[in-house]
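The lines below spell out each chain.
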Amino acid sequence: MSVEGYQVYLKNGDGAVRVVVSSAKQALAKANELAESGNEVQIKDLAGRIIDTATIVERAAHE
């Protein structure tokens, strides 16, 4: 069984926030929440590869 997960990453000044979630829908929701800070948010897979917005939106639509 393959485990799917995502890291939502926000760099803020000298620090960073990384939240691990289990679905694309959760990743989008958390990214939107963190983006309210005005800083850039990235979504990555568990291997650390950046996933572009269009891909994560498509994955969320199929969950």
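Refer to the structure presented above.
This one's a predicted model, so the numbers in the text were calculated from it and none came from an experiment.

1. Notes on the sheet that holds strand 2 (residues 15–21)
Pairing is antiparallel across the open sheet formed by four strands, whose spatial order is 2-1-3-4. The open sheet is flanked by strand 2 and strand 4 (50–51), the only strands paired with a single partner. Here two bridges tie strand 3 (residues 41–45) to strand 4, and the two strands are oriented antiparallel to one another. In the strand pairing of strand 4, Lys-44 is matched with Ile-50. Helix 1 (residues 24–35) rests against strand 1 (6–12), strand 2 and strand 3 of the sheet, and its axis sits at about 10 degrees to strand 1.

2. Focus on the nonpolar core
Listed in full, the 12 residues of the largest apolar core are Tyr-6, Val-8, Leu-10, Val-21, Ala-24, Ala-27, Ala-31, Leu-34, Ile-43, Ile-51, Ile-56 and Ala-60. Aside from chain neighbours lying at most four places away, what touches Tyr-6 is Val-19, Val-20, Val-21, Ser-23, Ala-24, Ala-27, Ile-43, Lys-44, Leu-46, Ile-51, Ile-56 and Arg-59.

3. Re helix 1
Relative to the 16 Å expected for 12 residues at 1.5 Å per residue, helix 1 spans 16 Å between its end C-alpha atoms, a close match to the ideal helical length. Residues of helix 1 that are buried include every one of Ala-24, Ala-27, Ala-31 and Leu-34, and no others. Take helix 1 and look down its axis: the buried residues cluster within an arc of 90 degrees, on one side only. Where helix 1 is buried, its residues touch strand 1, strand 2, strand 3 and helix 2 (53–61).

4. A short note on the packing of aromatic side chains
Counting across every chain of the model gives zero aromatic pairs. Over the face of the ring belonging to Tyr-9 we find Lys-44, whose NZ or CZ atom lies 4.5 Å from the ring centre.

5. Here we look at the side chain of Ser-23
Within the element layout of this structure, Ser-23 appears in the loop between strand 2 and helix 1. Of the polar contacts made by the side chain of Ser-23, one reaches the backbone nitrogen of Gln-26; its length is 3.1 Å. Excluding residues that lie within four positions of it along the chain, Ser-23 makes contacts with Tyr-6 and Glu-63.

6. Regarding the packing of helix 1 against helix 2
Pairs of packed helices are described in terms of their axes, by the angle between the two and the distance that separates them. Between helix 1 and helix 2, the least distance of the axes is 8 Å, while the angle of their chain directions is 130 degrees. Here helix 2 runs oblique to helix 1, going by the angle between their axes. In this structure, helix 1 meets helix 2 at a crossing whose hand is left-handed. From helix 1, Ala-24, Lys-25, Ala-27 and Leu-28 reach across to helix 2, where they touch Ile-56, Val-57, Arg-59 and Ala-60. Classifying every residue of the contact of helix 1 with helix 2 by side-chain character gives six nonpolar, no polar and two charged.

Definitions and limits used
- Residues numbered from 1 in each chain as written.
- Predicted model: local features only at pLDDT ≥ 70, side-chain atom pairs only at ≥ 80, totals over all residues.
- Heavy atoms only, no water.
- Pairing = 2+ DSSP bridges.
- Helix = DSSP H or I, 4+ residues; strand = E, 2+ residues; numbered from the N terminus.
- Contact = heavy atoms within 4.5 Å.
- Axes fitted to C-alpha atoms, helices over the stretch in contact; angles between N-to-C directions.
- Core = buried A, V, L, I, M, F, W, Y, C linked by side-chain atoms within 4.5 Å.
- Buried < 20%, exposed > 50% of the residue type's maximum accessible area, 1.4 Å probe, protein only.
- Expected span 1.5 Å × (residues − 1).
- Arc of directions from axis to C-beta.
- Phe/Tyr/Trp six-rings, centres within 6.5 Å; stacked < 30°, edge-to-face > 60°.
- Lys NZ or Arg CZ within 6 Å of the ring centre and 35° of its normal.
- Polar contact = N/O pair within 3.5 Å; in protein donor to acceptor, adjacent residues only side chain to side chain.
- Parallel < 35°, antiparallel > 145°, perpendicular 65-115°, else oblique.
- Left-handed = near helix turned anticlockwise from the far one by under 90°.
- Nonpolar A, V, L, I, M, F, W, Y, C, P; charged D, E, K, R; others polar.

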